[in-house]
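# Survey of secondary and tertiary structure
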Amino acid sequence: MAVLSADGAYMTLEASYHPELACQAGRYRGRFIGAHKWRFAAKWEPELRAMCRQLYGVDGHPETAADQTDLTVAVDEQSIAYPLFRQFNADIYLGGRHIAGVLKGRQIARPGKGIRFLKDGPRLDHQGLCWSLSIPTGAEFTIRGVPRMAVSFMEACLVGHGRLVAAA
């Protein structure tokens, strides 16, 4: 989820971690100020809203972030070239949400915040000093607190990887 707010000559972006956020923020000379917050010059507002749509599926307005629903996803990985639910030495993300990860130091697979697995769950395979994280085809999980505006974005992210079973 991402929320933009204006305070004087600056825009503040409060967003959860996304693997591409730091790179994208650098394009607009963003400065990380801690606690999931970034600061930008106010002149970049249209570009920042476009970045929020690209990474999180929302426009950055607080009122759209407040209107939330829960989604149930069924995994059906069909992509060999770019598997979404199989990652090598990396956590699994879907539409800006952390779906599954690995505990540092313990090498244990765990669900992300606000994720509940209904059927199967994340699997961790060790390969020497490396690891591979996957969510098997047939698994189902619920993502809590997804902005309604991002539902179509999540559906687009799932093409070839799974499908939305239900939206509460």
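The structure under discussion appears in the preceding block.
Calculation criteria
- Residues numbered from 1 in each chain as written.
- Predicted model: local features only at pLDDT ≥ 70, side-chain atom pairs only at ≥ 80, totals over all residues.
- Heavy atoms only, no water.
- Disulfide = S-S within 2.5 Å.
- Buried < 20%, exposed > 50% of the residue type's maximum accessible area, 1.4 Å probe, protein only.
- Core = buried A, V, L, I, M, F, W, Y, C linked by side-chain atoms within 4.5 Å.
- Contact = heavy atoms within 4.5 Å.
- Pairing = 2+ DSSP bridges.
- Helix = DSSP H or I, 4+ residues; strand = E, 2+ residues; numbered from the N terminus.
- Axes fitted to C-alpha atoms, helices over the stretch in contact; angles between N-to-C directions.

### Some points on the state of the cysteines
Here a disulfide denotes one covalent bond, and it connects the sulfur atoms of two cysteines. Under the definition given, this model contains zero disulfides. With no disulfide of its own, Cys 23 lies closest to Cys 52 among cysteine sulfurs, the gap being 15 Å. Taking relative accessible area as the criterion, Cys 23 reaches 56% and is therefore assigned exposed. Looking at Cys 157, it has no disulfide partner, and the nearest cysteine sulfur is the one in Cys 52, 15 Å off.

### Considering the nonpolar core
Counting residues in each nonpolar core, the largest one holds 40 residues, and the members touching the most others are Leu 13, Phe 40, Leu 94, Ile 99, Ile 135, Phe 141 and Ile 143. When residues no more than four places from it in sequence are discounted, the contact partners of Ile 135 are Val 75, Phe 85, Ile 92, Ile 99, Ala 100, Phe 117, Gly 121 and Pro 122.

### A word on the sheet that holds strand 7 (residues 92-94)
Overall, antiparallel pairing links the three strands, which are arranged 7-8-9 in an open sheet. Whereas interior strands pair on both sides, the edge strands pair on one side only; in this sheet they are strand 7 and strand 9 (109-111). The sheet shows a mean angle of 15° between the axes of neighbouring strands, direction not considered. As paired strands, strand 7 and strand 8 (residues 97-102) are joined by three bridges and run antiparallel to one another. Bridging across to strand 8, Leu 94 finds its partner in Arg 97.

### Quick notes on the environment of Leu 129
With respect to the element layout, Leu 129 can be found in the loop between strand 11 (123-127) and strand 12 (130-134). Distance in space between the C-alpha atoms of Leu 129 and Asn 89 is 9.9 Å, their sequence separation being 40 residues.

### Quick word on the pairing of strand 13 (residues 140-147)
Of all eight residues in strand 13, six are buried, a share of seventy percent or more. Where strand 5 (residues 68-75) lies against strand 13, six bridges are found, and the strand directions are antiparallel. The partner of Thr 72 across the bridge, within strand 13, is Thr 142. One ladder, built from four bridges, connects strand 10 (residues 115-119) with strand 13; its direction is antiparallel. By the bridge assignment for strand 13, Lys 119 is matched with Glu 140.

### Here we look at the pairing of strand 2 (residues 10-15)
In this sheet, strand 2 lies alongside strand 1 (residues 2-7) in antiparallel orientation, the contact comprising six bridges. Opposite Ala 6, over in strand 2, you have Met 11 as the bridge partner. Where strand 1 folds back on strand 2, the antiparallel hairpin that results is connected by two residues, among which Gly 8 adopts a positive phi of roughly 70°. Sheet topology places strand 2 next to strand 4 (residues 37-41); five bridges connect them, and they run antiparallel. Residue pairing across strands places Met 11 opposite Phe 40, the latter belonging to strand 4.

The values reported here are purely geometric and, on their own, carry no functional implication.
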